[in-house]
Every structure is written in C-alpha cells, then in structure tokens.
Amino acid sequence: MSEHFTKIGSQVYSPEGVRSLFEQAIQAENGDIEAILSNKHKYKNLRELWFASFLAFAIHKWLKHKFYIQNSEQDPPDILFLDQEASEAFPVEIMELFVYGQIDFDDDYTKLSQKIWDTKGDMNLSQCHLLLINRRVSIQLNVSQFLREMRKYNWKFEKIWLAVCTRKSLSWTFFEIFPFSSNDQPAYISVSTLNQEDMKFWY
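Since this is a predicted model, take the numbers as computed values, not measurements. Counting of residues starts from 1 at the beginning of each chain's written sequence and follows it residue by residue. With pLDDT at 70 or above as the cut-off, local features in this predicted model cover only qualifying residues; side-chain atom pairs require 80 or more to be listed or tallied, and sums for whole chains, interfaces and linings still use all residues. Calculated side-chain values reflect all of the structure's heavy atoms, with hydrogen atoms and water omitted.

**Digging into the packing of helix 4 (residues 109-120) against helix 5 (residues 143-150)**
And then number 1: Running from N to C, helix 4 and helix 5 cross one another at 55 degrees; their axes reach a closest spacing of 9 Å. Taken together, helix 4 and helix 5 sit at an angle that is classed as oblique. Helix-helix and strand crossings are classified by hand; for helix 4 and helix 5 the assignment is right-handed. Across the interface between the two elements, Tyr109, Thr110, Leu112, Ser113 and Ile116 of helix 4 pack against Gln145, Phe146, Glu149 and Met150 of helix 5. Each axis is a line fitted through C-alpha atoms, and for a helix only the stretch in contact is used; angles between axes span 0 to 180 degrees, taken between their N-to-C directions. Each helix corresponds to a stretch of at least 4 residues labelled H or I by DSSP, and each strand to a stretch of at least 2 residues labelled E; elements are numbered beginning at the N terminus. Here roughly perpendicular refers to angles of 65 to 115 degrees, roughly parallel to angles under 35, roughly antiparallel to angles over 145, and oblique to all remaining angles. Crossing handedness is defined as follows: a turn of the near helix away from the far one that is anticlockwise and smaller than a right angle gives a left-handed crossing, while the clockwise case is right-handed. The contact rule is simple, with two residues in contact once any of their heavy atoms fall within 4.5 Å.

**Considerations on the pairing of strand 5 (residues 157-167)**
And then number 1: Counting buried residues in strand 5 gives 8 out of 11 residues, a clear majority hidden from the surface.
And then number 2: Strands are treated as partners if at least two bridges between them are detected by DSSP. Direction of pairing for strand 4 (residues 125-134) relative to strand 5: parallel, over a ladder of 7 bridges. Along strand 5, the bridge assignment pairs Leu130 with Ile160.
And then number 3: The crossover handedness rule: strands pointing away from the viewer, path from first strand over the helix to second strand clockwise, crossover right-handed. Regarding the hand of the β-α-β motif, the stretch spanning strand 4, helix 5 and strand 5 is right-handed.
And then number 4: With 7 bridges joining them, strand 5 and strand 6 (residues 171-178) adopt antiparallel strand pairing. The residue bridging Cys165 from the neighbouring strand is Trp172, located in strand 6. Partly exposed residues are those whose accessible area sits between 20% and 50% of the maximum for their type, while under 20% is buried and over 50% is exposed, using a 1.4 Å probe and protein chains only.

Following this line, the structure appears as structure tokens:
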C-alpha cells in the first residue's frame with residue numbers, strides 16, 4: 001500500500017456506481033455495449049473504471065475488503081483503488097490484450113508476452129498493479145503457458161493480474177500472475193454478477 005493524493009471533489013465509485021455509469025452510456029449508444037468498450041477515446045475513463053470494478057468486486061470477495069475506485073489524475077497509472085478507512089491507495093495500470101474484431105489469437109504466447117513487455121516493461125512502477133484484460137470469450141488462454149513466458153521478463157510491478165472474461169461481461173476470473181509462484185498454477189478468484197453468492201460481495 002502507498003499513499004496517493006486525490007483531488008478534492010474527485011468522484012470515486014463502487015462497482016455498483018460504475019455499473020450505473022456504464023448503463024447510462026449504453027442508453028446513449030442505443031444499447032450497443034461494444035460501442036463503449038471499443039471506443040478508447042470517447043470512453044477511455046469509463047472503460048478503465050469498468051474493468052477495474054470487477055477487480056474491486058473480486059478483492060472484496062477474496063479479502064472481505066472494500067476498495068473504491070477512481071480515474072487517476074496522472075497517467076500512469078490509469079486507476080486508483082482507495083481504502084477510505086485507512087486513507088491509503090494502490091494504483092492500477094490497465095492493458096487490454098486483444099482488440100475486439102481483430103484476428104483471433106494464434107496461441108503464440110512468446111509473442112503475446114513480448115507485446116506486453118514492449119508496452120509496459122519499461123515502466124518502473126514497483127507499487128503499482130498491472131491488470132491485463134482478455135474480454136474476448138472466444139479466446140481460451142492457456143494460463144500456465146502464458147505464465148511460463150511472462151517469467152522470462154523482469155517486471156517492475158507490485159502485482160500482475162490476468163483478467164479473463166468467461167461469460168460476456170458478467171463473469172470474470174482474475175489470475176495472480178506476478179509475483180511468480182513456484183509452479184505454473186497461479187492463484188485465482190472468480191466473480192459473477194449472475195451468482196447469488198458472489199453478489200453478497202457486490203457493493
């Protein structure tokens with residue numbers, strides 16, 4: 001945990017609050033969710049909040065700890081996770097692995113990890129989490145193989161999460177890729193807004 005100062009009056013959101021923002025944007029786009037998730041300019045801040053909101057949901061299920069999120073005033077990082085009780089925060093940088101509508105993944109995990117390194121590897125963010133997003137349900141990642149390739153690099157993040165969308169945008173699994181474990185089976189936590197037990201941790 002580290003201290004981060006936020007601008008007075010800056011808006012912070014719970015996962016439920018982000019969903020409300022997202023639903024407003026869906027209405028503005030006549031029900032077209034992809035118009036929001038694919039527009040990295042008009043909806044950049046909302047996309048980042050949307051992805052981060054599921055990680056906050058998962059952390060609450062895992063640690064029974066509520067973090068509220070907001071867009072960062074500076075880039076990097078993209079998002080701040082705020083512990084309002086302890087007045088602490090940790091930053092999160094977000095990277096989407098695959099662009100919707102492009103050719104499906106060719107199972108080249110060497111190339112995929114190289115792409116991540118080329119994009120984020122020069123960042124020395126030792127107190128920051130990196131959140132890697134795969135929201136394409138059609139792409140089934142071999143997490144163990146991906147982890148083996150990621151081990152070849154000297155990452156300067158506090159944590160690296162791999163977020164895999166497993167049922168449209170309603171179910172997510174978060175794998176703790178880094179710090180590296182001693183085997184090829186990273187710890188993970190899954191959450192779904194379709195699961196009544198999980199929704200006890202929705203806030």
